[in-house]
Amino acid sequence: MSSIDSQRRVLSGMRPTGRLHLGHLYGVIHNWVKLQHEYECFFFVADWHALTTHYEDPHIIEDSIWDMVIDWLAAGVSPSAATLFIQSKVPEHAELHLLLSMMTPLGWLERVPSYKDMQDNLKDKDINTYGFLGYPLLQSADILIYQAGHVPVGADQVAHVELTREVARRFNHLYGKSSDFEEIARSAVAKMGKKVGRLYDELRKKYQEQGDQEALERAQALLREQGNITLGDRERLFGYLEGGGKIILAEPQAKLTAAAKMPGLDGRKMSKSYDNIIALREEVDDINRKVKTMPTDPARVRRTDPGDPAKCPVWQFHEIFSDQNTRDWVQAGCRSAGIGCLQCKQPVIDAIVAELTPIRERARQFESNPDMVKAIISEGSEKARDSARDTLHDVRQAMGLNYR
Ligand code: TRP
Ligand code: SF4
């Protein structure tokens, strides 16, 4: 596979956590819905990743999977735009994970910040396991097997994408070179013609000697423009550019979600464990009740006490859901005690109801048609598998393992 496709590819996964809430919608799903029209997207349920922390009660994973997939679909993730699948339906992830594990230094995994953090946070669980240590490497396999150039993730996952880049680099370094690589690469340069070849060499030199990123990008663009070279030569020249050999596994980039941070009903981060969520399938009555009982600026004890929106979680919702007019109305009305808190909350309630009503209705349709949901995932998993098989073939080939 060439770097051209990889730049068009997006992959992201979510652990099956059950029904999603507004935090997921604004943190992840809105972004996926947008990306699915701009890139070739693969979105999957990371059920094996869930198993690393829930191996003692794996039965809870199944329901969580379907609840989550229904919410994806209801919120607009579209099986005709993106490939949707379940990790364990594509066993190629596991084989790549195993092969990568052979060449991944233990220290790389032990140093991933989430490793120690999670072990500290999940004190009630015994995750002192081989599988849990390998969590980020399994994630690397997820990404690399689709040659995905972009991985939308939250800040907590950036270190995992970094690890993935290092693993890809190490793999390419170990297995991407053949003894005659330099010679073949030189002849590929020559085949592009004198002028293009010279420009390529100049840019390559600039990048390799001065680390000039722009030169690298220009050279990559130059290669993409060459209509007259073979795919193999193009890959070689991409690899030669960066100093290594042939690129077998593409290095991905984290695509940080610049999403609004969704506060929970109590102003802390929205999270099921804080019991401060509004679910995507929340009923209208419950939305009303939950917002109406939200805490506000503690200084507003009486209706006549002025308040400060900066000290109120409701304001954070206005920042996400309200237009400038409404925000001005809140700012003025709160500070002057011109409006009451219930009044202030009404536009938030209206906005959430308006956003969630179509989602809830679509979710109902999928709930009553589980076969359709399963068919979507089966089809997506088959498609993902085709792509994963191609990479695995190249990986085995590079390692000299295609003998079976
Ligand atoms: N580790 C991710 C999380 O906890 C889920 C995940 C698994 C993932 N594999 C991935 C995300 C590959 C992006 C790409 O959220
Ligand atoms: Fe919060 Fe609005 Fe009440 Fe001010 S008026 S304290 S912003 S709910």
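Notes on the structure in this doc start here. Everything quoted here is computed from the prediction, not taken from an experiment.

Quick look at the site of ligand 1 now. Neighbouring ligand 1 are 14 residues, the closest being Arg15, Tyr135, Gln139, Asp142 and Gln157. For ligand 1, whose accessible area on its own is 370 Å², the fraction buried by protein is 89%. Looking at the shell around ligand 1, the elements that each hand over two or more residues are strand E1 (9-14), helix H9 (135-144) and strand E4 (150-153). Looking at which element gives the most residues to the shell around ligand 1, the answer is H9, with four residues. The residue inventory of the shell around ligand 1, partitioned by class, reads seven nonpolar, five polar and two charged.

Within the secondary structure layout, Met118 lies in helix H7 (residues 113-121). A sequence separation of 14 residues divides Met118 from Phe132, and the C-alpha atoms of the two residues are 9.7 Å apart. When neighbours within four sequence positions are excluded, Met118 is seen to be in contact with Thr53, Ile127 and Phe132.

Moving on: the site of ligand 2. Around ligand 2 lies a shell formed by Thr296, Asp297, Arg300, Cys312, Val314, Val330, Cys334, Cys341 and Cys344. At the level of secondary structure, the elements contributing two or more residues to the shell around ligand 2 comprise helix H17 (324-335) and helix H18 (341-367). Grouping the amino acids of the shell around ligand 2 by side-chain chemistry returns six nonpolar, one polar and two charged.

Attention now moves to the packing of aromatic side chains. Per the stated rule, a full pass over the model turns up 10 aromatic pairs. One cation-aromatic arrangement involves Arg204 over Tyr240; the distance from NZ or CZ to the ring centre is 3.6 Å. Residue placement shows Arg268 over the ring face of Tyr274; its charged tip is 4.0 Å from the ring centre.

With that settled, consider the pattern of salt bridges. Applying the stated rule across the entire model yields 21 salt bridges. For Asp71, the salt bridge goes to Arg281, with nearest N and O atoms at 2.8 Å. Here Asp71, found in helix H4 (residues 59-74), pairs with Arg281, found in the loop between strand E5 (253-256) and helix H15 (284-292); they are 210 residues apart in sequence, far enough to count as distant. Of the two residues, Asp71 and Arg281, both sit in the buried class. With its nearest N and O atoms 3.6 Å apart, the salt bridge here joins Asp308 to Arg335. Of this pair, Asp308 sits in the loop between H15 and helix H16 (313-321) while Arg335 sits in helix H17; the two residues are 27 residues apart in sequence, bridging distant segments of the chain.

For the rest of this paragraph, the subject is the side chain of Lys345. With respect to the helices and strands, the residue Lys345 is situated in helix H18. In this structure the side chain of Lys345 is engaged in a polar contact, spanning 3.2 Å, whose partner is the backbone oxygen of Val291. A distance of 2.8 Å separates a polar atom in the side chain of Lys345 from the backbone oxygen of Met294. With near-sequence residues (within four places) excluded, Lys345 lies in contact with Val291, Lys292, Thr293, Met294, Thr296 and Val314.

Turning our eyes to something else, we now look at helix H13 (residues 213-225). In this model H13 runs 19 Å from its N-terminal to its C-terminal C-alpha over 13 residues, within 8% of the 18 Å that 1.5 Å per residue would give. Listed as buried for H13 are Ala215, Leu216, Ala219, Gln220, Leu222 and Leu223. All buried residues of H13 project into a common sector of 155° when viewed along the axis, lining one side. Turned more than 90 degrees away from the buried face of H13 sit Glu214 and Glu225, all of them exposed. Summarising the contacts, the buried residues of H13 are in contact with helix H12 (194-210) and helix H14 (231-241). A side-chain oxygen of the first residue of H13 lies 3.0 Å from the backbone nitrogen of Glu214; this N-cap is Asp212.

What counts and what doesn't
- Residues numbered from 1 in each chain as written.
- Chains lettered and ligands numbered in written order.
- Predicted model: local features only at pLDDT ≥ 70, side-chain atom pairs only at ≥ 80, totals over all residues.
- Heavy atoms only, no water.
- Near = heavy atom within 4 Å.
- Areas by Shrake-Rupley, 256 points an atom, 1.4 Å probe, with all protein chains shown as cover.
- Helix = DSSP H or I, 4+ residues; strand = E, 2+ residues; numbered from the N terminus.
- Nonpolar A, V, L, I, M, F, W, Y, C, P; charged D, E, K, R; others polar.
- Contact = heavy atoms within 4.5 Å.
- Phe/Tyr/Trp six-rings, centres within 6.5 Å; stacked < 30°, edge-to-face > 60°.
- Lys NZ or Arg CZ within 6 Å of the ring centre and 35° of its normal.
- Salt bridge = Lys/Arg side-chain N within 4 Å of Asp/Glu carboxyl O.
- Buried < 20%, exposed > 50% of the residue type's maximum accessible area, 1.4 Å probe, protein only.
- Polar contact = N/O pair within 3.5 Å; in protein donor to acceptor, adjacent residues only side chain to side chain.
- Expected span 1.5 Å × (residues − 1).
- Arc of directions from axis to C-beta.

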